[in-house]
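Residue-level listing of the chains:
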Amino acid sequence: LPPGLAKPLGTCLPEYVFLPASVTSATLPRFLRPARLATNAKPTLPEDIQAMAIAYASRVIAAPVEQVWATIRDFNGLPTWHPALKSSEIEEGRPADAVGCIRHLVLQNGASTRERLLELDDARYRLTYAFETPLFPVKNYLATITLIPLTEADHTFVQWQGSFEEAPEDAGKYTAIISKDVYA
């Protein structure tokens, strides 16, 4: 499981169970027998559901994690370190570190987007946000910036990743754009 996620004890069955060779599916109780698919069945997603696309970029910054975090955690400060952005404003006068606040970003080219802060974790150096008004034609966009201290060199490993749904005709298009032009 990813860090921070844990299954409570006693609430799940193991993924694999090893049984003696003498045990066959015919000797198992019906509820433990594997499901059977028709011979022509193919697993598919419903037409309105697409597999999630993943955008990702990472780099090492030659600064201690506390210094990098002080810059990243300012949800309204993205234009101070991202060259594509002209301005940012937190809507309704809310504090920039209030989970649920929305930032309105204006790009250098005049385009704009709105993003909602979903998580700000000072202990794990992690910030998660989602599009309220997408900049790209994607659905269910969710992005996380995570900082990992590299203590021997007093540097910081930065990961920025997002997941979203693209239209079938755009498969891979916005993954590349977001990875290279937004995150990198």
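Residue numbering note: each chain is counted from 1, following its sequence as written. Given that the model is predicted, a residue must reach a pLDDT of at least 70 before its local features are reported, and side-chain atom pairs must reach 80 or more before they are shown or counted; all residues, however, enter totals for whole chains, interfaces and linings. Each side-chain value is derived from all of the structure's non-hydrogen atoms; neither hydrogens nor water enter the calculation.

J.: Explain the sheet that holds strand β2 (residues 85-90) to me, please; I cannot follow it from the model alone.
T.: Strand pairing in a sheet is mediated by backbone hydrogen bonds. Such pairs are either parallel or antiparallel. Strand pairing is defined by DSSP finding a minimum of two bridges between the two strands. Starting at the N terminus, helices and strands are each numbered in turn, a helix being any DSSP run of H or I of at least four residues and a strand any DSSP run of E of at least two. Here we have 7 strands laid out as an open sheet, ordered β1-β7-β6-β5-β4-β3-β2, and antiparallel in their pairing. The open sheet has two free edges, formed respectively by β1 (53-61) and β2, since each of these has just one partner strand. The sheet shows a mean angle of 25 degrees between the axes of neighbouring strands, direction not considered. Pairing of β2 with strand β3 (residues 102-107), which is carried by 5 bridges, proceeds in the antiparallel orientation. Within β3, the position partnered with Ile-90 by the bridge is Arg-103. Contacts from helix α1 (residues 65-72) reach β1, β4 (112-121), β5 (126-133), β6 (139-150) and β7 (155-165), with the element oriented near 155 degrees to β6. In this description, contact between two residues means that some pair of their heavy atoms is separated by no more than 4.5 Å. Between N-to-C directions, angles span 0 to 180 degrees; the directions come from axes that are lines fitted to C-alpha atoms, helices contributing only their stretch in contact. Where helix α3 (residues 173-183) meets the sheet, its contacts fall on β1, β5, β6 and β7, and the angle it forms with β1 comes to roughly 20 degrees.

J.: Would you take a moment to explain the packing of aromatic side chains for this structure?
T.: Working definition: an aromatic ring pair is given by the centre-to-centre distance plus the angle between the planes. In summary, the pairing rule links any two rings of Phe, Tyr or Trp, Trp by its six-membered ring, whose centres are within 6.5 Å, and it sorts them by plane angle into stacked for under 30 degrees, edge-to-face for over 60 and tilted for everything else. Inspection of every chain in the model, using the stated rule, returns 8 aromatic pairs. Between Phe-131 and Tyr-141 the ring centres are 4.0 Å apart and the planes differ by 20 degrees, which places this aromatic pair in the stacked class. Taken together, the residues Phe-131 in strand β5 and Tyr-141 in strand β6 connect sequence positions 10 residues apart. Here Tyr-141 falls in the buried class, since its relative accessible area comes to 6%. Three or more aromatic residues link up through ring pairs in this structure, and these residues are Phe-75, Tyr-129, Phe-131, Tyr-141 and Phe-164. Only protein chains enter the calculation, and the probe is 1.4 Å; a residue is then buried if its accessible area is under 20% of its type maximum, exposed if over 50%, and partly exposed in between.

J.: Please explain α1 as it appears in this structure.
T.: The periodicity of an α-helix, 3.6 residues per turn, causes residues three or four places apart in sequence to face the same way. Listing the buried residues of α1 in full gives Val-65, Val-68, Trp-69 and Ile-72. The buried residues of α1 all sit within an arc of 100 degrees when viewed along its axis, so they share a single face. Residues of α1 that are exposed and point over 90 degrees away from its buried face: Glu-66, Gln-67 and Ala-70. In this description, the arc belongs to the directions extending from the helix axis to the C-beta atoms.

J.: What should I look at first to understand the environment of Thr-156 in this one?
T.: Among the structural elements, Thr-156 can be located in strand β7. Distance in space between the C-alpha atoms of Thr-156 and Pro-64 is 5.9 Å, their sequence separation being 92 residues. Thr-156 has contacts with Arg-59, Val-60, Ile-61, Ala-63, Pro-64, Val-65, Val-68, Leu-147, Ile-148 and Leu-150, leaving out every residue within four places of it along the chain. Within the structure, the side chain of Thr-156 is placed 2.8 Å from the backbone oxygen of Ala-63, a separation counted as a polar contact. Pairing of N or O atoms within 3.5 Å defines a polar contact, subject to two protein rules: one partner must be a possible hydrogen donor and the other a possible acceptor, and residues neighboring in sequence count only if both atoms are side-chain atoms. For Thr-156, the side chain forms a polar contact with the main-chain nitrogen of Val-65, separated by 3.0 Å.

J.: How should α3 be read in this particular structure?
T.: Of all the positions in α3, only Tyr-174, Thr-175, Ile-178, Ser-179 and Tyr-183 are classed as buried. Buried residues of α3, seen end-on, are gathered within an arc of 130 degrees and therefore sit on one face of the element. Seen from the buried face of α3, the exposed residues on the opposite side, beyond 90 degrees, are Lys-180 and Asp-181. Looking at the buried residues of α3, the elements they touch are β1, β5, β6 and β7.

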